[in-house]
Amino acid sequence: MAHILFVLTGADHWTLADGTEHPTGYWAEEFAAPYAAFTGAGHAVTVATPAGVVPTVDRGSLAPEVNGGPEGAAAVADILSGAPELQSPIPLDKVDLADYDAVFYPGGHGPMQDLAVDPVSGALLTNALASGKPLGIVCHAPAALLATADASSASPFTGYRLTAFSNAEETQAGLADKAKWLLQDRLVTLGVDYREGDPWAAHIEVDRNLYTGQNPASSAPLAAEMLTAL
């Protein structure tokens, strides 16, 4: 049995360019699908958040239209309600990477608010990459990689092939022109080898021990790929 650390955003909003607070949090499917895959395979999960706050689910991610209909929405909601780890997260600064066999970051717009500028998360990502342990990051969660850059803007992730929520998807979601910055643009500036698939279609990239997924549809395939390494 492996022990997998899930790092979730502690934010319940994303501040837009005009100062508006857009309600958000983590995206339900991006927690639920990997959680079900990992625990279904007999592995243990621990959730960590900044300051140990109980994470907020993006209410929009529970809607039937983004979960394949009412049955899919109900299934995702059942997974969340049946995951006690969500109600008792540990503080991110208390995490000891040695206790875990893999690390997984679900997305949602929340990481754009807090994890993108969280040095504790940045250090964990840096150490996880160096450890060789499987490191999975999906959708907007690669925003957390921005916190790995040092004072000269150098990051250990520079040159790594990865994917994340695309500018095209942000545009189609109706938030690109309201955002302070776009994830794809910032990752390219960080120096990663960004790869983009078709909007909303499952797309994953694996480069050494780094596993990334582009969007919610990529979360289940990403977890399946990580399971092969556990």
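From a predicted model like this one, the values you see are computed outputs, not experimental measurements. (Residues numbered from 1 in each chain as written. Predicted model: local features only at pLDDT ≥ 70, side-chain atom pairs only at ≥ 80, totals over all residues. Heavy atoms only, no water.)

Draft legend 1. Geometry of the side chain of His13. Considering the arrangement of structural elements, one finds His13 in strand S2 (residues 13–15). Polar contacts involving the side chain of His13 include one to the side chain of Asp12, which spans 3.0 Å. Contact partners of His13, with chain neighbours within four places excluded, come to Glu21, His22, Pro23, Thr24 and Gln113. (Helix = DSSP H or I, 4+ residues; strand = E, 2+ residues; numbered from the N terminus. Polar contact = N/O pair within 3.5 Å; in protein donor to acceptor, adjacent residues only side chain to side chain. Contact = heavy atoms within 4.5 Å.)

Draft legend 2. View of the pairing of strand S10 (residues 204–207). The alternating pattern of S10 places Glu205 and Asp207 on a buried face, while none of Ile204 and Val206, on the opposite face, is buried. Joining the antiparallel neighbours S10 and strand S11 (residues 210–213) is a turn of 2 residues, in which Arg208 adopts a positive phi near 60°. (Buried < 20%, exposed > 50% of the residue type's maximum accessible area, 1.4 Å probe, protein only. Pairing = 2+ DSSP bridges.)

Draft legend 3. Up close: helix H7 (residues 219–227). If you check which residues of H7 are buried, you get Ser219, Leu222, Ala223 and Met226. Axial view of H7: buried residues confined to an arc of 100°, hence all on one face. Elements in contact with the buried residues of H7: helix H1 (28–40), strand S6 (102–105), strand S7 (135–138), S10 and S11. (Arc of directions from axis to C-beta.)

Draft legend 4. The packing of H1 against H7, seen in detail. Close contact between H1 and H7 brings their axes to 8 Å; oriented N to C, the two are set at 30°. As the angle between them shows, H1 and H7 are arranged roughly parallel. In this structure, H1 meets H7 at a crossing whose hand is right-handed. Where H1 approaches H7, its residues Glu29, Glu30, Ala33, Pro34, Ala37 and Phe38 are matched on the opposing element by Ser219, Ala220, Ala223, Met226 and Leu227. (Axes fitted to C-alpha atoms, helices over the stretch in contact; angles between N-to-C directions. Parallel < 35°, antiparallel > 145°, perpendicular 65-115°, else oblique. Left-handed = near helix turned anticlockwise from the far one by under 90°.)

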